[in-house]
Amino acid sequence: MITFKDGPAGRRARLVGGPDVWEVIGAVRSIRESDPALVGDEVLEVVAETSGVPMPFLRAALAYWGDYPEEVDAFIDRARAEAAQARAGWERQQELLGR
């Protein structure tokens, strides 16, 4: 259920016909942070419902992350840094425009 895709960020693990593994793991973490009372399959059910990714694919992404956490976490960290940089740039523009 895992394939690999090359791109500007390098080789990435990706669900067949779906998102990158790092995106799934990021979604799992986001759900856990927003509602710590959710555990196990409850977390995966929310991710499946909001993303449209079937449960077996979510489990495959989790298994991949379990085997290669450094690789997946590096993509998550990079995405967060790029998002923070983009937001900071937008905020500077808005400040300059007096908004």
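In what follows, the structure referred to is the one given above.
What comes next is a walk through the structure.

Cut-offs and rules
- Residues numbered from 1 in each chain as written.
- Predicted model: local features only at pLDDT ≥ 70, side-chain atom pairs only at ≥ 80, totals over all residues.
- Heavy atoms only, no water.
- 1 Å grid on protein atoms, 1.4 Å probe; cavity = no way out; pocket = protein on both sides within 12 Å on 5 of 7 lines; lining within 4 Å.
- Points joined across faces, edges and corners; volume = space filled by probe spheres on them.
- Helix = DSSP H or I, 4+ residues; strand = E, 2+ residues; numbered from the N terminus.
- Nonpolar A, V, L, I, M, F, W, Y, C, P; charged D, E, K, R; others polar.
- Buried < 20%, exposed > 50% of the residue type's maximum accessible area, 1.4 Å probe, protein only.
- Polar contact = N/O pair within 3.5 Å; in protein donor to acceptor, adjacent residues only side chain to side chain.
- Contact = heavy atoms within 4.5 Å.
- Axes fitted to C-alpha atoms, helices over the stretch in contact; angles between N-to-C directions.
- Left-handed = near helix turned anticlockwise from the far one by under 90°.
- Phe/Tyr/Trp six-rings, centres within 6.5 Å; stacked < 30°, edge-to-face > 60°.
- Lys NZ or Arg CZ within 6 Å of the ring centre and 35° of its normal.

## Comments concerning empty space enclosed by the protein
- This model, assessed by the stated rule, comprises one cavity of 30 Å³ or more.
- When its volume is computed, the largest cavity comes out at roughly 40 Å³.
- Residue lining of the largest cavity: Arg12, Ala13, Val21, Trp22, Glu71, Val72 and Phe75, and that is the complete set.
- The set of elements that each furnish at least two residues to the lining of the largest cavity consists of strand E2 (12-15), helix H1 (21-34) and helix H4 (69-96).
- Split by residue class, the lining of the largest cavity holds five nonpolar, no polar and two charged.

## Some details on the environment of Pro8
- Examined against the element boundaries, Pro8 turns out to sit in the loop between strand E1 (2-5) and E2.
- Using a relative accessible area of 86% as the deciding quantity, one classes Pro8 as exposed.

## Observations regarding the environment of Arg11
- Residue position: Arg11 is located in the loop between E1 and E2.
- Distance from Arg11 to Ala60, taken between C-alpha atoms, is 18 Å for residues 49 residues apart in sequence.

## What about the side chain of Arg12?
- Tracing the backbone through its elements, the reader meets Arg12 in strand E2.
- Take Arg12: its relative accessible area is 14%, and that puts it in the buried class.
- For Arg12, the side chain forms a polar contact with the side chain of Asp20, separated by 2.5 Å.
- In contact with Arg12, other than residues within four places in its own chain, are Thr3, Phe4, Lys5, Asp6, Gly7, Asp20, Trp22 and Phe75.

## Overview of the packing of H1 against helix H2 (residues 41-51)
- Where H1 meets H2, the closest approach of the two axes is 9 Å, and the angle between their N-to-C directions is 115°. Of the two elements, H1 crosses H2, and the hand of that crossing is right-handed. Taken together, the residues of H2 that come into contact with H1 (itself represented by Ala27, Val28, Ile31 and Arg32) are Val43, Leu44, Val46 and Val47.
- Classifying every residue of the contact of H1 with H2 by side-chain character gives seven nonpolar, no polar and one charged.

## A look at the packing of aromatic side chains
- Scanning the entire structure with this criterion turns up two aromatic pairs.
- Aromatic side chains Tyr64 and Tyr68 sit 4.8 Å apart centroid to centroid with 40° between the ring planes, which places their arrangement in the tilted category.
- In this structure Tyr64 comes out as buried when scored by relative accessible area, which is 8%.
- Note on Tyr68: relative accessible area 42%, which makes it partly exposed.
- Ring pairing ties together the aromatic residues Phe4, Tyr64 and Tyr68, which thus form one cluster.
- Geometry around Phe4 places Arg11 over its ring, the cationic atom sitting 3.7 Å from the centre.

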